[in-house]
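Geometric and topological summary
Here is what each chain is made of, one letter per residue.
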Amino acid sequence: MNDFFPQMTSNLVLAFPGFRLYALCAVILVIKMFGVGLYTVRTRSRLKLAMNPEDAARFNAQLVTTEHPDVERVLRAHRNDLENIPAFLILGLIAVLAGAPVLGLQICFIAYTAARVVYSVAYIKAMQPWRSMTFGIGTLCMFALCVMIIIRILS
Ligand SMILES: N[C@@H](CCC(=O)N[C@@H](CS)C(=O)NCC(=O)O)C(=O)O
């Protein structure tokens, strides 16, 4: 039983060469999303604002019913992650399991992960055209994953 998980993990890595990089990128992206969530909290606390009465009482903050524009910006960055990263995680895993070309997977995984990290910074810091450019790179990577999956499952 103790050997089961290490054995299964090394079998996965051996059987699916893109799996290791996929797992690493998935972890980075999920941690990044948590980071954006935490930055929402940090921004609200910097502004001393709270959306819930119990938080306002606990942290001695001003109770508000609408978000401050700075907080809204971070929330939009987080929402965009939620619109995109889950789809990447699903497509990436399917592409690995379908046996897509390793070089193609490596390019997509590294470019996507780097693009989404820069995207978050660019959104929060209001940096254009970086936000649109990195969004475009991420979308291209997802499109390439779709094409690789379709080629593999139809061939
Ligand atoms: N839900 C997105 C769909 C399109 C999209 O994700 N566009 C990128 C590149 S311009 C973006 O950063 N949108 C801003 C956002 O999602 O808040 C939107 O409303 O804009």
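Before going into details, it helps to say that this report is about the structure given with it. (Residues numbered from 1 in each chain as written. Predicted model: local features only at pLDDT ≥ 70, side-chain atom pairs only at ≥ 80, totals over all residues. Heavy atoms only, no water.)

1. Concerning the packing of helix α5 (residues 102–124) against helix α6 (residues 130–154)
At their nearest, the axes of α5 and α6 sit 8 Å apart, and the two run at 155° to each other. Considering their axes alone, α5 and α6 lie roughly antiparallel with respect to each other. For the element pair α5 and α6, the recorded crossing hand is left-handed. Only Trp 130, Arg 131, Thr 134, Phe 135, Ile 137, Gly 138, Cys 141, Met 142, Ala 144, Leu 145 and Met 148 of α6 make contact with α5, whose side of the interface consists of Gly 104, Leu 105, Cys 108, Phe 109, Ala 111, Tyr 112, Ala 115, Arg 116, Val 118, Tyr 119, Ala 122 and Tyr 123. (Axes fitted to C-alpha atoms, helices over the stretch in contact; angles between N-to-C directions. Helix = DSSP H or I, 4+ residues; strand = E, 2+ residues; numbered from the N terminus. Parallel < 35°, antiparallel > 145°, perpendicular 65-115°, else oblique. Left-handed = near helix turned anticlockwise from the far one by under 90°. Contact = heavy atoms within 4.5 Å.)

2. Describing the site of the ligand
Near the ligand you find Arg 76, Arg 79, Asn 80, Glu 83, Tyr 119, Tyr 123, Arg 131, Ser 132 and Phe 135, and these make up its full shell. A distance of 3.5 Å separates an oxygen atom of the ligand from a polar side-chain atom of Arg 79. One of the side-chain nitrogen or oxygen atoms of Tyr 119 is found 2.6 Å away from an oxygen atom of the ligand. Here the ligand has 440 Å² of accessible area as a free molecule, and 60% of this is covered by the chains. Top contributing element to the shell around the ligand by residue count: helix α4 (residues 69–97), with 4 residues. Of the residues contributing to the shell around the ligand, the split by class is 3 nonpolar, 2 polar and 4 charged. (Near = heavy atom within 4 Å. Polar contact = N/O pair within 3.5 Å; in protein donor to acceptor, adjacent residues only side chain to side chain. Areas by Shrake-Rupley, 256 points an atom, 1.4 Å probe, with all protein chains shown as cover. Nonpolar A, V, L, I, M, F, W, Y, C, P; charged D, E, K, R; others polar.)

3. Quick look at the side chain of Thr 113
With respect to the helices and strands, Thr 113 occurs in helix α5. Every residue in contact with Thr 113, bar those within four places of it in the chain, is listed here: Cys 25, Ile 28 and Leu 29.

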